[in-house]
Amino acid sequence: MVAAQANLEWHSEHKNSFQKVILLAVHLSRFPIFGIRAILRFMNKPHALSSPDLILSNGKFLTCDPLMPIAAEVEVRDGKILRVRNRIAEAQKSEDVPPKILDLKGKVVVPGFVDPHLHFFSLAESFVTLNLEPRNNISSIAHIKERIHERSQNAKPGEWIRGRGYNEFYLEERRHPNRWDLDDVAPSHPVKIAHRTGHAHVLNSLGLERVGISICTSDPSGGIIDRDINTGEPTGLLYEMGRFLSERISPLTVEEFEPGARRASQELLSQGITSMQDASTLNDFSRWESFRVLKKRGLISPDLCMMLGIESFNTLDVQDFRANFDSVRIQGIKIILDETTGRLYPSPSELNDSVLRVHQAGFQVAIHAVEEGAIKSACDAIENALRKYPRLDHRHRIEHCSVCPPALAGRLSSLGIRIVTQPSFVYYNGDRYLEMVPANQLSHLYPIGTFLQTGIKVAAGSDAPIAPLNPMIGIYSSISRKCKSGKVINVKEGISPLEALKMHTSHAAEVLFEEDRKGSITPGKLADMVVLSGDPTNLPVEQIKEIRVDMTIIRGDIVWTRDVIIQ
């Protein structure tokens, strides 16, 4: 233990001495806990003469680094973590400009939260279009109609009215709205409202006409046009037709969209999210360019990478594309696998071909798979690709992985597949799950404990705006397995507070291939940190969901603060 403590605080004034590195390797061989990782850590430590430009002092740092799980002080230089100490060091006299010292007064600090699955454009649009979520006092179709009517009064004739987030489970009518409901209040405006999941939309009659849907229109591949059972007329409800609609409805103008983007960025910072991945299957070259512009103009503050939709991957020269990533990196090729039509789409053979192409090109595949059949098909496709072209550390992913029995979890583990899931869904949607999910599936719903016990690396995303961004609800849900009503789903699948925290930090960074730069408070990594109002690893579980972000730091810069807490 003495040797271990010495290694933790050993500065790197000798890092250029090859002989001493060899001696360190021999010495550490007696302590298996360190191994090669400790040697690399030693070689990469900052020079002893380096001085910090920022010191975060007198805090409780939950580092998510097993070599020093808890620290008291962190030094930062040039946007990176210079040193991590387990005690507060005495001030050193120096001829250099003295560092800024931030006294945290005992507050808890964690690594910056990494959200590996959200939808930034949809989140931004949610702030400038009609919010039809239940939490916005929408409890009936009448309420939806009222909001649409109000918006129509200020809209130009023929201008699209857009809304999102309705949830038929919480509507008095317990059904989706239809075209005739929307026609009642906006007959002169095309209307499109999105379901809470984004996988269904409702258009009014003028909207259907604008996108070319009539009684004669056939269902597109993978989608369904809901129809009146007697007349065959489209009801306005469309399933899995987001791409179809995006190709026929013009997006928001720059003037309409930018306020939403700015607010979405601030919302991310207020929740301590310092890095994110956009997981939209609609992402293409144009969307990538839009992200770059938003980043360049400072409208998006957190670090950003994005998935590329499989359709765009199939039409682009991805190798040339990869050479020009600069501020917005492509990480993962997104494929949606669902059973909306009653059978898997894409088919197993089509999925195998797509996954194989992505795998051969050296990219990570991210497959949206919710139920057991879809997850099995995703495993088959990844296994086929690995058998034909073995590749270590592929980190292929399954998004959501909602219903997964233990045997299937074992198969995921054996294939080295990562899971990016949404633990906060248990809290926000749990009461609906308890009512609507069959008992044989409910027992395997979001089985995060089983995933971890099986050796699967699991990261947590919000899927915002489908659910709120708040990582603390994800952490609370992972531990308690409680719904908003207080009912519990599979309490045996609860995990420890530290593992829940890591799902939102170090595990999330790992699934993005960024563990060398993010995810823990470790020398050499980016100085991305979050100051919290409480310790999620040391509070009664019911208090965890009340923890708030007091300060967000990105690359050593304070980018957001709750004014009354820390100045």
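As shown above, the structure is provided for reference.
Residues numbered from 1 in each chain as written. Predicted model: local features only at pLDDT ≥ 70, side-chain atom pairs only at ≥ 80, totals over all residues. Heavy atoms only, no water.

**Topic: the pattern of salt bridges**
Phase 1: One pass over the structure, following the stated rule, counts 36 salt bridges.
Phase 2: The partner of Arg77 in a salt bridge is Asp78, and the shortest N-O contact between them spans 3.8 Å.
Phase 3: Take Asp78: its relative accessible area is 64%, and that puts it in the exposed class.
Phase 4: Bridged by salt links that share partners, the residues Asp303, Arg329, Glu514, Arg517, Lys518 and Arg555 form one connected network. (Salt bridge = Lys/Arg side-chain N within 4 Å of Asp/Glu carboxyl O. Buried < 20%, exposed > 50% of the residue type's maximum accessible area, 1.4 Å probe, protein only.)

**Some thoughts on the nonpolar core**
Phase 1: In this structure, Phe113, Phe120, Val355, Ile367 and Leu412 are the most contacted members of the largest nonpolar core, which totals 96 residues.
Phase 2: Here this core gets eight residues from one element, more than from any other, and that element is helix H14 (residues 372-388).
Phase 3: Residues Leu56, Ala71, Val84 and Leu102 belong to the second largest nonpolar core, which totals 18 residues. (Core = buried A, V, L, I, M, F, W, Y, C linked by side-chain atoms within 4.5 Å. Helix = DSSP H or I, 4+ residues; strand = E, 2+ residues; numbered from the N terminus.)

**Observations concerning the sheet that holds strand S5 (residues 80-85)**
Phase 1: Sheet architecture is open: four strands sit in the order S5-S4-S1-S6, paired in mixed fashion. Whereas interior strands pair on both sides, the edge strands pair on one side only; in this sheet they are S5 and strand S6 (100-103). Averaged over all neighbouring strand pairs, the angle between strand axes comes to 20°, with direction disregarded.
Phase 2: Here strand S1 (residues 54-57) runs beside strand S4 (residues 73-77); their pairing, made up of three bridges, is antiparallel. Looking across to S4, one finds that Leu54 is bridged to Val76. (Pairing = 2+ DSSP bridges. Axes fitted to C-alpha atoms, helices over the stretch in contact; angles between N-to-C directions.)

**Topic: helix H13 (residues 348-360)**
Phase 1: An ideal rise of 1.5 Å per residue puts 18 Å on 13 residues; H13 measures up with 18 Å between its terminal C-alpha atoms.
Phase 2: If you check which residues of H13 are buried, you get Leu351, Ser354, Val355, Leu356, Val358 and His359.
Phase 3: Those residues of H13 hidden inside the fold are in contact with helix H11 (310-315), strand S17 (329-336), strand S18 (365-369) and H14.
Phase 4: Note on H13: the residue one or two positions beyond its end, Gly362, has a positive phi of about 85°. (Expected span 1.5 Å × (residues − 1). Contact = heavy atoms within 4.5 Å.)

**What about the packing of H14 against helix H15 (residues 406-414)?**
Phase 1: Between H14 and H15, the shortest axis-to-axis distance is 11 Å and the interhelical angle comes to 25°. Here H14 is positioned roughly parallel relative to H15, judged by the angle of their axes. Read as a crossing pair, H14 and H15 show a hand that is left-handed. Residues Glu372, Ile375, Lys376, Cys379, Asp380 and Glu383 of H14 form the contact with H15, whose participating residues are Leu408, Arg411 and Leu412. (Parallel < 35°, antiparallel > 145°, perpendicular 65-115°, else oblique. Left-handed = near helix turned anticlockwise from the far one by under 90°.)

**Brief notes about the packing of aromatic side chains**
Phase 1: In this structure the tally under the stated criterion is ten aromatic pairs.
Phase 2: Here the aromatic rings of Phe121 and Phe257 are separated by 4.9 Å at their centres, their planes lie at 20°, and the arrangement is stacked. Of the two residues, Phe121 is situated in helix H4 (residues 120-126) and Phe257 in helix H9 (residues 254-270); the sequence distance between them amounts to 136 residues. Assigned by exposure class, Phe121 and Phe257 land together as buried.
Phase 3: Judged by centre distance (6.0 Å) and plane angle (85°), the ring pair of Tyr427 and Tyr476 falls under edge-to-face. In this pair, Tyr427 sits in helix H16 (residues 424-436) while Tyr476 sits in helix H19 (residues 471-480), placing the two residues 49 residues apart along the sequence.
Phase 4: In this structure Tyr427 comes out as buried when scored by relative accessible area, which is 11%.
Phase 5: A connected cluster of aromatic rings, assembled from ring pairs, spans Phe120, Phe121, Phe257 and Phe291.
Phase 6: A cation over a ring is seen here: Arg292 above Trp288, with NZ or CZ 4.6 Å from the ring centre.
Phase 7: If you follow Arg395 out to its NZ or CZ, it ends over the ring of Phe513, 4.2 Å from the centre. (Phe/Tyr/Trp six-rings, centres within 6.5 Å; stacked < 30°, edge-to-face > 60°. Lys NZ or Arg CZ within 6 Å of the ring centre and 35° of its normal.)

**Looking at unusual backbone geometry**
Phase 1: The peptide bond linking Tyr345 to Pro346 adopts the cis configuration, its omega dihedral lying at 0°.
Phase 2: One can find Pro346 in the loop between S17 and H13.
Phase 3: The amide bond that connects Ala464 to the next residue, Pro465, takes the cis arrangement and shows omega of 10°.
Phase 4: As for its placement among the helices and strands, Pro465 is situated in the loop between strand S21 (458-460) and H19.
Phase 5: If you check the backbone angles, Cys401 has positive phi at about 50° while not being a glycine.
Phase 6: Within the element layout of this structure, Cys401 appears in the loop between strand S19 (397-400) and H15.

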